[in-house]
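Here is what each chain is made of, one letter per residue.
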Amino acid sequence: MITGLSLNTIETKTKIQDIVLEPFNGYKTTLDDYIQYAPIVTMYAADLSKVPARNNIWNQTKYLLISELVTASIVHLLKNTTKIARPNSTTLTAFPSGHTGQAFVASQVLFNEFYRTRPLLGLSGYLFAGTTGALRVINNRHWVPDVLMGAGIAILVTN
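The shown structure was predicted, so the numbers you read here are calculated from the model rather than taken from an experiment.

### A look at a nonpolar patch on the surface
Consideration 1: Side chains of Ile66, Leu69, Val70 and Ile74 sit close together on the surface and give an oily, nonpolar patch of about 340 Å² of accessible area.
Consideration 2: As for its position among the elements, Ile74 is in helix α4 (residues 57-82).
Consideration 3: Owing to a relative accessible area of 31%, Ile74 belongs among the partly exposed residues under this scheme.

### Focus: the pattern of salt bridges
Consideration 1: This model, assessed by the stated rule, comprises two salt bridges.
Consideration 2: Across the pair Asp32 and Arg136 runs a salt bridge, and its minimum N-O distance is 2.8 Å. One end of the pair, Asp32, is in helix α2 (residues 32-35); the other, Arg136, is in helix α6 (residues 119-138), with 104 residues separating them in the sequence. Pair check on accessibility: Asp32 and Arg136 agree, each one buried.
Consideration 3: Here Arg136 ties to Asp33 by a salt bridge, and the two come within 3.9 Å at their closest N and O atoms. Separated by 103 residues along the polypeptide, Arg136 in helix α6 and Asp33 in helix α2 bring together distant segments of the chain.
Consideration 4: Linked through salt bridges whose partners overlap, the residues forming this network are Asp32, Asp33 and Arg136.

### Section: helix α5 (residues 98-114)
Consideration 1: With 17 residues, α5 should reach 24 Å at 1.5 Å per residue; the first-to-last C-alpha distance of 24 Å fits that figure.
Consideration 2: Where burial is concerned, most of α5 is hidden: 14 out of the 17 residues are buried.

### Considering the packing of α5 against α6
Consideration 1: Contact geometry for α5 and α6: axes closest at 7 Å, N-to-C directions at 175 degrees. Between α5 and α6, the angle is such that the two are roughly antiparallel. Between α5 and α6, the residues in contact are His99, Thr100, Ala103, Phe104, Ser107, Gln108, Leu110, Phe111 and Phe114 and Pro119, Leu121, Gly122, Leu123, Ser124, Gly125, Tyr126, Ala129, Gly130, Thr132, Gly133 and Arg136, respectively.

### With respect to the packing of α4 against helix α7 (residues 144-158)
Consideration 1: Two elements in contact, α4 and α7, have axes separated by 9 Å at closest approach and are oriented at 145 degrees. Every pair of crossing elements has a handedness; the one defined by α4 and α7 is right-handed. Touching Ser67, Val70, Thr71, Ile74 and Leu78 of α4 are Ile153, Ala154, Val157 and Thr158, all from α7.
Consideration 2: Residue composition of the contact of α4 with α7, grouped by class: six nonpolar, three polar and no charged.

### So, the side chain of Gln108
Consideration 1: With respect to the element layout, Gln108 can be found in helix α5.
Consideration 2: Exposure remark for Gln108: the relative accessible area of 5% places this residue in the buried category.
Consideration 3: Only 3.2 Å separates the side chain of Gln108 from the side chain of Asn159, close enough to count as a polar contact.
Consideration 4: Beyond its immediate sequence surroundings of up to four residues, Gln108 is in contact with Tyr126, Ile155, Thr158 and Asn159.

### Thoughts on the packing of aromatic side chains
Consideration 1: Inspection of every chain in the model, using the stated rule, returns three aromatic pairs.
Consideration 2: Between the aromatic rings of Phe111 and Tyr126, the centroid separation amounts to 5.8 Å while the plane-to-plane angle is 55 degrees, which identifies the pairing as tilted. Here Phe111, found in helix α5, pairs with Tyr126, found in helix α6; they are 15 residues apart in sequence, far enough to count as distant.
Consideration 3: Three or more aromatic residues joined by ring pairs make a cluster, and in this case those are Phe104, Phe111, Tyr115 and Tyr126.

### Section: the side chain of Lys79
Consideration 1: Structurally, Lys79 is set in helix α4.
Consideration 2: Here Lys79 occupies a buried position and makes no salt bridge, while the nearest side chain of opposite charge, Asp146, is found at 7.1 Å.
Consideration 3: Within polar-contact distance, the side chain of Lys79 engages the backbone oxygen of Pro96 at 2.9 Å.
Consideration 4: Those residues in contact with Lys79, other than ones at most four positions away along the chain, are Arg86, Leu92, Thr93, Ala94, Phe95, Pro96, Ser97, Gly98 and His142.

About the thresholds
- Residues numbered from 1 in each chain as written.
- Predicted model: local features only at pLDDT ≥ 70, side-chain atom pairs only at ≥ 80, totals over all residues.
- Heavy atoms only, no water.
- Patch = residues over 30% accessible without salt bridge, like charges linked within 9 Å, V, L, I, M, F, W, Y side chains within 5 Å.
- Areas by Shrake-Rupley, 256 points an atom, 1.4 Å probe, with all protein chains shown as cover.
- Salt bridge = Lys/Arg side-chain N within 4 Å of Asp/Glu carboxyl O.
- Helix = DSSP H or I, 4+ residues; strand = E, 2+ residues; numbered from the N terminus.
- Buried < 20%, exposed > 50% of the residue type's maximum accessible area, 1.4 Å probe, protein only.
- Expected span 1.5 Å × (residues − 1).
- Axes fitted to C-alpha atoms, helices over the stretch in contact; angles between N-to-C directions.
- Parallel < 35°, antiparallel > 145°, perpendicular 65-115°, else oblique.
- Contact = heavy atoms within 4.5 Å.
- Left-handed = near helix turned anticlockwise from the far one by under 90°.
- Nonpolar A, V, L, I, M, F, W, Y, C, P; charged D, E, K, R; others polar.
- Polar contact = N/O pair within 3.5 Å; in protein donor to acceptor, adjacent residues only side chain to side chain.
- Phe/Tyr/Trp six-rings, centres within 6.5 Å; stacked < 30°, edge-to-face > 60°.
- Lys, Arg positive; Asp, Glu negative; His and termini not counted.

None of this, on its own, says anything about what the molecule does.
Rendered as structure tokens:
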């Protein structure tokens, strides 16, 4: 049994999920397991390339680690408290999306570090984070609200 949800909420989530998944009809990939880390690679590559940043590499790493730790703690606490089933019914750990949370933490740190000096570089992480979230839904591992909450927690914590 899915806890914390009314029948209307489940029906609405299922309708949204069906609309999102319809064009992909069974498409599966593991790309989301890897691209969630792309903003981190981008940040350190920019540092190695001497792109001017808001902070030095030590402080960037510190902010990244603190944000990752706090976000992961909140995400895991919510997963274990809400016990919402994944769309594919494999586990009761759907809400919120940890992959999306991780990707948005990295993207937000990248943004905070490089937006003032290289705006496109600062924004580039959101392409990877958004794609990670979308693939979590397309792979039928998360509901749309799971992904949105993971992103929201990550952005709020990082800022």
